[in-house]
Amino acid sequence: MPANVIPSASVPWPAGRAMFRNVAARGLLRYASPVILVLLWQGTCSMGIVSTRLVASPVQVIMTGWSLLRDGTLGANLGVSLARAATGLLIAVALGVGFALVSGLSRLGEDLVDAPLQILRTLPALAMVPLFILWFGIGETPKIALVALGATFPIYLNLHKGIRSIDPRLLEMTRTLGLSRVRTIRDVILPGALPDLLVGLRFAVGMSWLMLVVAEQVNAESGIGHMMMEAQDFMRTDIIMVGLVIYGLLGLVSDQIVRLMERTFLSWRPSHRRGQAA
Amino acid sequence: MATIAPTGAGGMNAVFMTDRMHDAIAPRDGGVAVHGLTRRFGHGPAVLDGLDLTIAPGEFVALLGHSGSGKSTLLRTLAGLDPVHEGTLFRPDAVSVVFQDGRLLPWKRVWENVVLGQAGADRRDRALAVLEEVGLGHRVDAWPLTLSGGEAQRAALARALVRRPAFLMLDEPFAALDALARLKMQRLVARLWARHACAVLLVTHDVDEALLLADRAIVLDHGRIRTDLAIPLDRPRHHADPGFIHLRGVLLDALGVHDD
Ligand SMILES: Nc1ncnc2c1ncn2[C@@H]1O[C@H](COP(=O)(O)OP(=O)(O)O)[C@@H](O)[C@H]1O
Ligand SMILES: [Mg+2]
């Protein structure tokens with residue numbers, strides 16, 4: 001990493017009222033378009049153009065969401081889903097980081113660990129659902145295992161790449177300073193690979209939600225996915241859409257948390273670059 | 001004193017020592033002695049070809065040569081980064097290297113980079129003192145990626161000095177700097193060398209830089225030192241000094257560049 005890179009000077013903020021008004025107008029426009037869409041949606045539902053049996057109106061979704069919240073259904077199911085996602089993700093982080101360290105820090109480790117993981121990675125994780133149900137039954141285990149399986153690979157792949165692509169000139173420099181292997185790992189390799197680990201974590205979080213949706217809709221007695229499947233039996237599109245909104249919010253919030261982690265741990269980057277993860 | 005000898009040559013050191021071993025310098029003084037050093041990459045031609053070199057304790061030597069002549073290879077071997085396959089090499093244990101690119105860890109603050117791997121409760125104080133010395137006292141807590149090129153090289157110099165080296169190696173440390181920053185850095189190095197009294201090997205492609213700073217300029221050519229030029233000028237030195245101008249002509253000649 002070139003140490004003598006001068007951070008690109010920030011573009012001076014064009015002063016002046018006209019510019020400010022311009023920016024404000026753009027901000028308004030950004031929010032206006034989704035609001036208009038929601039209003040249109042509400043309009044088509046209210047005027048009976050679309051059957052509310054097929055698409056619940058925004059007002060209906062809000063009302064249903066509120067009542068589900070008040071009777072505790074939403075809270076209970078959300079808690080279960082969160083616990084599953086968090087447990088699975090935690091396992092994935094432990095496994096992914098562990099494997100990446102083993103294969104990133106030693107040639108032998110790479111030979112032993114990398115090839116099997118690269119092969120496993122090409123399997124679509126969701127194809128494991130029937131097998132997981134056979135193996136783990138219908139309790140919490142198959143759901144957590146599915147989340148863990150899906151989320152391990154992005155962590156492993158990114159951290160492994162991060163460790164392998166540490167600037168060799170920095171490693172050479174630590175040799176001239178007589179740094180021990182342990183200190184080199186702690187002070188150079190791990191911090192250098194952290195940006196990649198965080199990119200992997202963002203992918204992994206997205207993957208967790210995807211796995212959870214499938215696991216809870218295929219086979220579950222609780223959780224947001226289960227709540228949505230049950231609503232399907234009673235043709236309650238409003239409840240299904242509450243579930244969709246919740247999933248959307250969960251994705252948004254968890255992504256923000258990882259972004260916050262990036263800002264906190266990567267504060268050494270002069271102009272914090274946004275992660276490349278989608 | 002580190003003795004780095006080719007494998008299986010354990011008993012040879014004494015022979016070298018009593019051989020034509022470099023005039024006055026006994027290596028245990030803290031100087032550097034290289035004898036018959038040969039280095040090739042793969043089956044290619046020898047980059048260093050039976051090279052002999054001695055540097056007295058506290059001596060400032062400038063190493064010149066065309067690009068690709070093996071300057072960095074020699075320095076890397078002296079630094080212990082490259083192995084010694086053929087030949088012998090004596091050097092002090094306490095050596096430091098500064099590369100052209102500062103090679104600071106971007107995720108550690110400047111002062112932490114300076115005392116990287118150093119133990120002790122007074123780490124920060126030591127870092128502060130040496131950063132003050134190189135004129136970077138106002139940037140101790142900065143992140144390296146926010147430093148200018150000159151500041152990064154000062155930090156790298158501080159990191160080298162905090163280890164109290166008996167032998168300091170500099171591989172084109174100012175080559176990437178603008179002319180003004182380079183002048184300041186040259187003065188700084190002259191000051192630091194006067195104070196720390198360590199042996200210095202400065203790789204440079206700048207003839208004036210060599211003449212400003214060094215006791216001796218050597219020119220690497222076809223894997224050997226073809227020119228070994230003493231620079232007996234008083235310090236501080238000036239470009240306009242007749243002795244300076246004369247030596248510049250000699251050095252440029254040695255480099256195959258003719259000063260018309
Ligand atoms: N790791 C390497 N592998 C193969 N060839 C190398 C390597 N390092 C240097 N060389 C070769 O050795 C020669 C000397 O290189 P170097 O010591 O970097 O020259 P200088 O620093 O004088 O410009 C060059 O021809 C270069 O291509
Ligand atoms: Mg070089």
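These numbers come from a predicted model, not from an experiment. In this numbering scheme, every chain counts its residues from 1 along its sequence in written order. Going through the entries in the order they are written, you letter the chains from A and number the ligands from 1. Totals for whole chains, interfaces and linings use all residues, but because this is a predicted model, local features are given only for residues with pLDDT of at least 70 and pairs of side-chain atoms are given and counted only at 80 or more. Hydrogens and water molecules were not included; the side-chain quantities draw on all heavy atoms of the structure.

**Comments concerning the site of ligand 1**
All names here are of chain B. If a single non-hydrogen atom of a residue is within 4 Å of a molecule or strand, that residue counts as near it. What surrounds ligand 1 is the set Phe41, Val47, His66, Ser67, Gly68, Ser69, Gly70, Lys71, Ser72 and Thr73. A distance of 2.7 Å separates an oxygen atom of ligand 1 from a polar side-chain atom of Ser72. For accessible areas, the Shrake-Rupley method is used with a probe of radius 1.4 Å. Any residue's cover is judged against the shown protein chains and nothing else. Relative to its unbound accessible surface of 560 Å², ligand 1 loses 53% to contact with the protein. For helices the rule is a DSSP run of H or I covering at least 4 residues; for strands it is a run of E covering at least 2, with both sets numbered from the N terminus onward. The dominant element in the shell around ligand 1, judged by the number of residues it contributes, is helix α2 (residues 71-78), at 3 residues. In the scheme used here, Gly and all other residues not listed as nonpolar or charged are polar, with Ala, Val, Leu, Ile, Met, Phe, Trp, Tyr, Cys and Pro taken as nonpolar and Asp, Glu, Lys and Arg as charged. In the shell around ligand 1, the residues fall into 2 nonpolar, 7 polar and 1 charged. The term polar contact refers here to a pair of N or O atoms within 3.5 Å; inside protein, the definition further demands a hydrogen-donor-capable atom paired with an acceptor-capable atom, and it admits residues adjacent in sequence only when both atoms are side-chain atoms.

**Focus on the confidence of the model for chain B**
Residue and element names in this part refer to chain B. With 88% of its residues at a pLDDT of 70 or more, chain B has an overall mean of 89. Values of pLDDT, which run from 0 to 100, indicate the predictor's confidence residue by residue. Any pair of residues with heavy atoms lying within 4.5 Å of one another is described as a contacting pair. Confidence drops under a pLDDT of 50 for residues 5-27, and excluding neighbours within four residues, the segment shows 31 contacts in the predicted structure. Across the predicted assembly, pTM comes out at 0.82 and ipTM at 0.85.

**Topic: the UniProt feature "transmembrane region" (unreviewed entry) in chain A**
Residues and elements named next belong to chain A. UniProt positions are given in the numbering used here, feature names are shortened, and annotations may be inferred rather than shown by experiment. If you check UniProt for "transmembrane region" (unreviewed entry), the listed places come out as residues 85-106, 118-138, 188-214 and 234-253 in our numbering. Between the C-alpha atoms that bound residues 85-106 there is a distance of 31 Å. The span itself is 95% helix and 0% strand. Span residues 188-214 is 100% helix and 0% strand, its end C-alpha atoms 39 Å apart.

**Here we look at helix α8 (residues 181-218) of chain A**
Its 38 residues place the ends of α8(A) only 48 Å apart at the C-alpha level, less than the 56 Å of an ideal helix rising 1.5 Å per residue. Note on bend: the value at a residue is the angle between axes fitted to the seven residues ending there and to the seven starting there. Approximately 45° is the largest bend angle found in α8(A), and it occurs at Leu194(A), with the proline Pro195(A) only one to four residues beyond. In this analysis, the expected span of each helix is defined as 1.5 Å times one less than the number of residues it contains.

**Description of the UniProt feature "domain: ABC transporter" (unreviewed entry) in chain B**
The positions that UniProt labels "domain: ABC transporter" (unreviewed entry) are, in the present scheme, residues 32-247 of chain B. The distance separating the terminal C-alpha atoms of residues 32-247 of chain B is 25 Å; by composition the span is 31% helix and 27% strand.

**What to know about unusual backbone geometry**
Residue and element names in this part refer to chain B. Pro236 follows Arg235 through a cis peptide bond whose omega is -5°. Tracing the sequence through the fold places Pro236 in the loop between β10 (224-230) and α8 (242-254). You will see that Arg164, though not glycine, has its phi angle at about 45°, which is positive. Turning to its location among the elements, Arg164 is positioned in the loop between α5 (149-161) and β7 (167-171). Relative accessibility under 20% of the residue-type maximum defines a buried residue, over 50% an exposed one, and the middle range a partly exposed one, all with a 1.4 Å probe and only protein chains included. Arg164 sits in the exposed class, given a relative accessible area of 62%. Its identity is not glycine, yet His222 carries a phi of approximately 50°, on the positive side. Mapped onto the elements, His222 comes out in the loop between β9 (216-221) and β10.

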